[in-house]
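Architecture and fold: a report
Here are the chains, one letter per residue:
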Amino acid sequence: MEIQGKVVAVLNPQTYTSQKNGNTYVTNQFVIETQGQYPKKVAFKVMGEDKFAQMQIAVGGFYNVSFD
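Residues numbered from 1 in each chain as written. Predicted model: local features only at pLDDT ≥ 70, side-chain atom pairs only at ≥ 80, totals over all residues. Heavy atoms only, no water.

With respect to the overall build of the protein
Looking only at helices and strands, one finds one helix and five strands in the protein. Going residue by residue from the N terminus, the α and β elements of the protein occur as β-β-β-β-α-β. At 14 Å, the protein has a C-alpha radius of gyration far larger than the 11 Å of a compact globule built from 68 residues. Its C-alpha atoms give the protein principal-axis dimensions of roughly 45 × 20 × 15 Å. For the protein, buried positions account for 25% of its 68 residues. (Helix = DSSP H or I, 4+ residues; strand = E, 2+ residues; numbered from the N terminus. Rg over C-alpha atoms; globule rule 2.2 N^0.38 Å. Buried < 20%, exposed > 50% of the residue type's maximum accessible area, 1.4 Å probe, protein only.)

Points about a nonpolar patch on the surface
Among the surface-exposed residues, Tyr 16, Tyr 25 and Met 47 lie close enough to one another that they form a single nonpolar patch of about 300 Å² accessible area. Here Tyr 16 is to be found in strand E2 (residues 14-17). (Patch = residues over 30% accessible without salt bridge, like charges linked within 9 Å, V, L, I, M, F, W, Y side chains within 5 Å. Areas by Shrake-Rupley, 256 points an atom, 1.4 Å probe, with all protein chains shown as cover. Salt bridge = Lys/Arg side-chain N within 4 Å of Asp/Glu carboxyl O.)

Quick notes on the side chain of Asn 28
Residue class for Asn 28 comes out buried when judged on its relative accessible area of 5%. Beyond its immediate sequence surroundings of up to four residues, Asn 28 is in contact with Pro 13, Phe 44, Lys 45, Val 46, Gly 48, Glu 49 and Phe 52. (Contact = heavy atoms within 4.5 Å.)

Overview of the nonpolar core
Core analysis: the largest hydrophobic core is formed by nine residues, namely Ile 3, Val 7, Phe 30, Ile 32, Phe 44, Val 46, Phe 52, Ile 57 and Val 65. Taken together, the elements giving at least two residues each to this core come down to strand E1 (2-10), strand E3 (24-33) and strand E4 (41-47). When sequence neighbours within four positions are dropped, the list of residues in contact with Phe 30 reads Val 7, Ala 9, Val 10, Val 42, Ala 43, Phe 44, Val 46, Phe 52, Met 55, Ile 57 and Val 65. (Core = buried A, V, L, I, M, F, W, Y, C linked by side-chain atoms within 4.5 Å.)

Brief notes about the packing of aromatic side chains
Counting across every chain of the model gives three aromatic pairs. For the ring pair Phe 30 and Phe 44, a centre distance of 5.6 Å and an interplane angle of 25° mean the geometry is stacked. Placement of the pair is Phe 30 in strand E3 and Phe 44 in strand E4, with a sequence separation of 14 residues. Like Phe 44, Phe 30 is buried. Residues Phe 30 and Phe 52 carry aromatic rings whose centres are separated by 6.2 Å and whose planes lie at 40° to one another, so their mutual orientation is tilted. (Phe/Tyr/Trp six-rings, centres within 6.5 Å; stacked < 30°, edge-to-face > 60°.)

Right, here's the structure in full:
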């Protein structure tokens, strides 16, 4: 599935530690507002700080986001 819209917020990274193996994970979230007559806000979570940095998500930018 794919959604298009403008990024209206980039939230602070969240750090989690696995209770099972002790590994640390970082997630980043951003919010996209769709265009059209009835705009909706949709939040997305990206696992991995490096992956999020490569995406270069910025508030005010328009993006196409594919997801499952």
